[in-house]
Amino acid sequence: MKKLLIIIPTALANANNLVETFVSLLKNTKAEYNLLIVKNDYKGFAPAANQGLAIVYADKSYDGCILVNDDVIFASDTWINKLLKEKDKHGIISCKNNINSDKNHVAFWCTYINRKVIDTIGFLDERFQIGEQEDVDYCFRAIDAGFKISDSKCEAFHKGSGTLQYMTNEGKKIIKENRKKLIKKYKGTHWEDVINNFWK
């Protein structure tokens, strides 16, 4: 039987949210899984998530992983079955309605990544500091490698901005820089117009 890793990046300021997420996960997850909680206190979502992706990459007994923010509450004990229902058809799957209108990226607050994707395109780009845009970039790379991106019928509640609300003004400037990095990375590619339309 293939293993599943659930990865939760977190920061000290989010301790109360993390407890709620952890209790919700224990209560509403029937499937077996391994859990990795990475406390890296604003060093970035990508480096924290990559610690988990590296485990999956190194251990071929893992089928994939689920990235979960530390401010997510699972609505029912069917969440994981719904999220993973079509895992053999899609490389990256997220929750209900968590996909943009062009179906080319999802936000990584509760998202399954098939190990085939990790084997093919590697890890999240750590040049995107703190958070935001690393998920968009990863989805673009997955699509370019031939994988499909999808949402699912999985329902989960995401409080949102659980980490960003504690950030300094300097940190918020870094978020803006991430947008510039994404634009620069895909300038001259077929993704350029897509990215420019994000922030019209």
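Chemist: In this structure, what is going on with the overall build of the protein? I would like to understand it.
Modeler: For the protein, the helix and strand inventory stands at seven helices and eight strands. Its C-alpha atoms give the protein a radius of gyration of 16 Å, within 12% of the compact-globule value 16 Å for 200 residues. Counting only C-alpha atoms, the protein reaches 45 × 40 × 30 Å along its principal axes. Taken over 200 residues, the protein has a buried fraction of 49%. Residue pairs at least 24 apart in sequence account for 77% of intrachain contacts in the protein once pairs closer than 6 positions are excluded. Put simply, the protein shows about 10300 Å² of open surface, and 52% of that area lies on carbon and sulfur atoms.

Chemist: It is not clear to me how the packing of aromatic side chains should be interpreted in this structure. Could you clarify?
Modeler: Here the distance between the centres and the angle between the planes together describe a pair of aromatic rings. In this structure the tally under the stated criterion is six aromatic pairs. Relative to Tyr 138, the ring of Phe 108 has its centre 6.1 Å away and its plane inclined at 75°; by these criteria the two rings are edge-to-face. Taken together, the positions of Phe 108 in the loop between strand 5 (92-94) and strand 6 (110-114) and Tyr 138 in helix 5 (residues 134-144) put the pair 30 residues apart, joining distant regions of the chain. Exposure class is identical for Phe 108 and Tyr 138. Each is buried. Ring geometry for Phe 140 and Trp 191: centres 3.9 Å apart, planes at 5°, overall stacked. Taken together, the positions of Phe 140 in helix 5 and Trp 191 in the loop between helix 6 (169-185) and helix 7 (192-198) put the pair 51 residues apart, joining distant regions of the chain. Geometry around Tyr 62 places Lys 3 over its ring, the cationic atom sitting 4.5 Å from the centre. When the ring centre of Tyr 57 is taken as origin, the NZ or CZ atom of Lys 60, which lies over that ring, is 4.8 Å away.

Chemist: What's the story with a nonpolar patch on the surface in this structure? I'm lost.
Modeler: There is a patch of nonpolar side chains on the surface, built from Val 19, Phe 22, Val 23, Leu 26, Leu 35 and Ile 37 and spanning about 480 Å² of accessible area. Within the residue set of the nonpolar patch, elements represented by two or more residues are helix 1 (15-28) and strand 2 (34-39). Assignment of secondary structure puts Leu 35 in strand 2. Judged by its relative accessible area of 32%, Leu 35 is partly exposed.

Chemist: Just to check I follow, could you spell out the pattern of salt bridges for this structure?
Modeler: Pairs can form between side chains of opposite charge whenever their charged atoms are close. Overall, the coordinates contain 14 salt bridges when judged by the stated rule. Lys 87 is the salt-bridge partner of Asp 88, the closest N and O atoms lying 3.7 Å from each other. The exposure class of Asp 88 is exposed, given its relative accessible area of 70%. The shortest N-O distance in the salt bridge between Asp 137 and Arg 141 comes to 3.1 Å. In this pair, Asp 137 and Arg 141 are both assigned in helix 5, four residues apart and thus about one turn of the helix distant.

Chemist: Where do I start with the nonpolar core in this structure?
Modeler: Note on soluble globular proteins: their nonpolar side chains tend to be buried together. Formed by 27 residues in total, the largest nonpolar core has its most connected members in Phe 108 and Tyr 138. Mapped by element, the contributors of at least two residues to this core are strand 1 (3-10), strand 2, helix 2 (45-58), strand 3 (62-68), helix 4 (115-121) and helix 5. Top contributing element to this core by residue count: helix 2, with six residues. Sequence-distant contacts of Tyr 138, defined by excluding residues within four places in its chain, comprise Leu 53, Ile 92, Phe 108, Ile 113, Val 117, Ile 118, Ile 121, Gly 122, Phe 123 and Leu 124. With 19 residues, the next largest nonpolar core counts Leu 25, Val 68, Ile 93 and Tyr 112 among its residues.

Chemist: Just checking my understanding: could you explain helix 5 for this structure?
Modeler: One turn of the α-helix equals 3.6 residues, which is why residues spaced by three or four share an orientation. For helix 5, the buried fraction is high: nine of the 11 residues fall into the buried class. Within the span of helix 5, buried status applies to Glu 134, Asp 135, Val 136, Asp 137, Tyr 138, Cys 139, Phe 140, Arg 141 and Ala 142.

Parameters and conventions
- Residues numbered from 1 in each chain as written.
- Predicted model: local features only at pLDDT ≥ 70, side-chain atom pairs only at ≥ 80, totals over all residues.
- Heavy atoms only, no water.
- Helix = DSSP H or I, 4+ residues; strand = E, 2+ residues; numbered from the N terminus.
- Rg over C-alpha atoms; globule rule 2.2 N^0.38 Å.
- Buried < 20%, exposed > 50% of the residue type's maximum accessible area, 1.4 Å probe, protein only.
- Contact = heavy atoms within 4.5 Å.
- Areas by Shrake-Rupley, 256 points an atom, 1.4 Å probe, with all protein chains shown as cover.
- Phe/Tyr/Trp six-rings, centres within 6.5 Å; stacked < 30°, edge-to-face > 60°.
- Lys NZ or Arg CZ within 6 Å of the ring centre and 35° of its normal.
- Patch = residues over 30% accessible without salt bridge, like charges linked within 9 Å, V, L, I, M, F, W, Y side chains within 5 Å.
- Salt bridge = Lys/Arg side-chain N within 4 Å of Asp/Glu carboxyl O.
- Core = buried A, V, L, I, M, F, W, Y, C linked by side-chain atoms within 4.5 Å.

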